[in-house]
Amino acid sequence: MLSPFRALRYDASAGSLVDLVAPPYDVIGPDEREELAARSPYNVVHLTLPESPESAADALRGWRAAGILREEEPALWWVEQTYTGPDGVRRTREGIAGGIEATPYSEGEVLPHERTHEGPKEGRLKLLRATETQLEPIFLLYDGDPPVSRPESEPELDVDDGSVHTRAWRLPAQEVEVPGPLLIADGHHRYETAVAFRNEHPEAARMFVVLVSMRSPGLEIFPTHRVAPDLEHEPDAMMTSNWDHDALAIYQRGNFFRVDSTDELDAREVDRYASEFEYTPNAQEAIEAVDSGLYEAAFLVRAPTVAQVAEFAKRGETMPQKSTFFYPKLTSGLLLFPL
């Protein structure tokens, strides 16, 4: 069940939204963090990537007291992102923001497809304890048609960062049902953090999510290619005149090769040939890395389908690192979820 929530959002006095929002914390490097922080003293990175959990809590309290952030009446929100993918195709992905119950994976209501690491979870839990606010939504998928539709009015929130145009509309404060189980597309660490926080504070039962239908025409998984400095085993591959997009491909010594894999996941097949990789969603970057002489081979992988990801999750299996690249990420800073 998706529930309405009292969102915290920036007041107009805070400045232009483009100076206040940011990508999710886990894709921001140190240089980008400094650039975002310099845009505004109220940019959301001061909360999501603070100097300390305590400084984030102090900033959040101060912003609320000064009216920089204001609390809204309960509502769901329709979120729309228009973007051009790595394949050059322009798409629009739509979802609904609200709250769901944070339950352990063992209950089968929400399913993961990736493994998590203790370090990021520990850091996010300290931040959640300090702020008592979920600062960024996680991205969940459901298999069904949207239970509501986008309002015809102008959006209440509208920001274009040059690569992704995000808009949001307020929806009525009603609970809506979506078919389960829900599948985590992005935000495994934050989901598990919310479950851990609920164990400490049973009253904090709900968490901030954006639900996207698996049937959304704008939903796409893009490949993350692998570049290996050294091969440990040579693949049994056939040279081709160019990149064969219908198979796992290798670029090596200036030539393309096709690997006829029996594995349903190219990312898992690749792990048979090397143990150390660099990753890029840009195939040309992978090819140029090999041409530079610093890497022995580039593995040009095919992205899994949404159906494949769902099937892995339902079987209780996790996929190799960086098997999925859901683009774009959800914009942070449009709405916050106080507990």
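A few points on the structure. What you see as residue numbers is a count from 1 along each chain, following the sequence as written. This being a predicted model, a pLDDT of at least 70 is required before a residue's local features are given, and a value of 80 or more before pairs of side-chain atoms are given or counted; all residues contribute to the totals for chains, interfaces and linings. Only heavy atoms go into the side-chain values, all of them from the structure, while hydrogens and water stay out.

1. Comments concerning the overall build of the protein
Condition: By definition, any uninterrupted DSSP run of H or I lasting at least four residues is a helix, any uninterrupted run of E lasting at least two residues is a strand, and each is numbered from the N terminus. For the radius of gyration, the atoms used are the C-alpha atoms, and the globule rule reads 2.2 Å times the number of residues raised to 0.38. Partly exposed describes any residue whose relative accessible area lies between the buried limit of under 20% and the exposed limit of over 50%, with all areas from a 1.4 Å probe on protein chains only and scaled to the type maximum. Note on definitions: a residue-residue contact is assigned when non-hydrogen atoms from the two residues lie within 4.5 Å. For the accessible areas, the method is Shrake-Rupley and the probe is 1.4 Å, while residue cover comes only from the protein chains on display. For the purpose of charge, His is not counted, nor are the chain termini; Lys and Arg are scored as positive and Asp and Glu as negative. Just so you know, the charge point we use is NZ for Lys, CZ for Arg, CG for Asp and CD for Glu.
Scanning the protein for helices and strands turns up eight helices and 20 strands. For 339 residues, the compact-globule estimate of 2.2 N^0.38 gives 20 Å, and the protein sits close to it at 21 Å. Overall, the protein is about 65 × 40 × 40 Å in size when its C-alpha atoms are taken along their principal axes. Counting only residues that meet the buried cut, the protein has 52% of its 339 residues in that class. Considering only residue pairs separated by 6 or more positions, the protein has 76% of its internal contacts joining residues 24 or more positions apart. Summed over its atoms, the accessible surface of the protein is roughly 15,500 Å², and 46% of this surface lies on carbon and sulfur atoms. Distance from the positive charge centre (32 side chains) to the negative charge centre (59 side chains) of the protein: 4 Å.

2. Structural notes on the packing of aromatic side chains
Convention followed: Only Phe, Tyr and Trp rings are paired, with Trp represented by its six-membered ring, and only when their centres lie within 6.5 Å; those with planes under 30 degrees apart are stacked, over 60 edge-to-face, the remainder tilted.
Under the criterion given, the structure shown has 15 aromatic pairs. Their ring planes at 55° and their centres at 5.0 Å tell us that tyrosine 251 and phenylalanine 256 sit as a pair that is tilted. What makes tyrosine 251 buried here is its relative accessible area of 6%. When its relative accessible area of 17% is taken as the criterion, phenylalanine 256 is described as buried.

3. Describing the environment of isoleucine 184
Within the secondary structure, isoleucine 184 sits in strand S10 (residues 182–186). For isoleucine 184 and leucine 140, which are 44 residues apart along the polypeptide, the C-alpha to C-alpha distance reads 4.6 Å. When residues no more than four places from it in sequence are discounted, the contact partners of isoleucine 184 are Tyr105, Val110, Leu111, His113, Phe139, Leu140 and Tyr191.

4. Here we look at the pairing of strand S16 (residues 255–259)
Stated formally: Being paired, for any two strands, means DSSP has found at least two bridges between them.
Judged from the four bridges that link them, strand S14 (residues 237–240) and S16 form a sheet pairing that is antiparallel. Within the sheet, the bridge partner assigned to methionine 239 lies in S16 and is phenylalanine 257. Taken together, the five bridges between strand S15 (residues 248–252) and S16 define a ladder with antiparallel strand orientation. Directly across from tyrosine 251, in S16, lies its bridge partner phenylalanine 256. Here S15 folds back onto S16 in antiparallel fashion, the turn holding two residues, of which arginine 253 has a positive phi close to 55°.

5. Observations concerning unusual backbone geometry
Proline 181 follows glycine 180 through a cis peptide bond whose omega is -5°. Within the secondary structure, proline 181 is located in the loop between strand S9 (164–171) and S10. The omega torsion across tyrosine 327 and proline 328 is 0°, close enough to zero to call that bond cis. Along the chain, proline 328 turns up in the loop between strand S19 (325–326) and strand S20 (337–338).

6. Looking at the environment of serine 292
To be explicit about the condition: Here a polar contact means two N or O atoms within 3.5 Å. Within protein one must be a hydrogen donor candidate and the other an acceptor candidate, and residues neighboring in sequence count only if both atoms are side-chain atoms.
Checked against the element boundaries, serine 292 lands in the loop between helix H7 (283–291) and strand S18 (297–300). The spatial distance from the C-alpha of serine 292 to the C-alpha of leucine 334 is 41 Å, given a sequence separation of 42 residues. Polar contacts involving the side chain of serine 292 include one to the main-chain amide nitrogen of leucine 294, which spans 3.3 Å.

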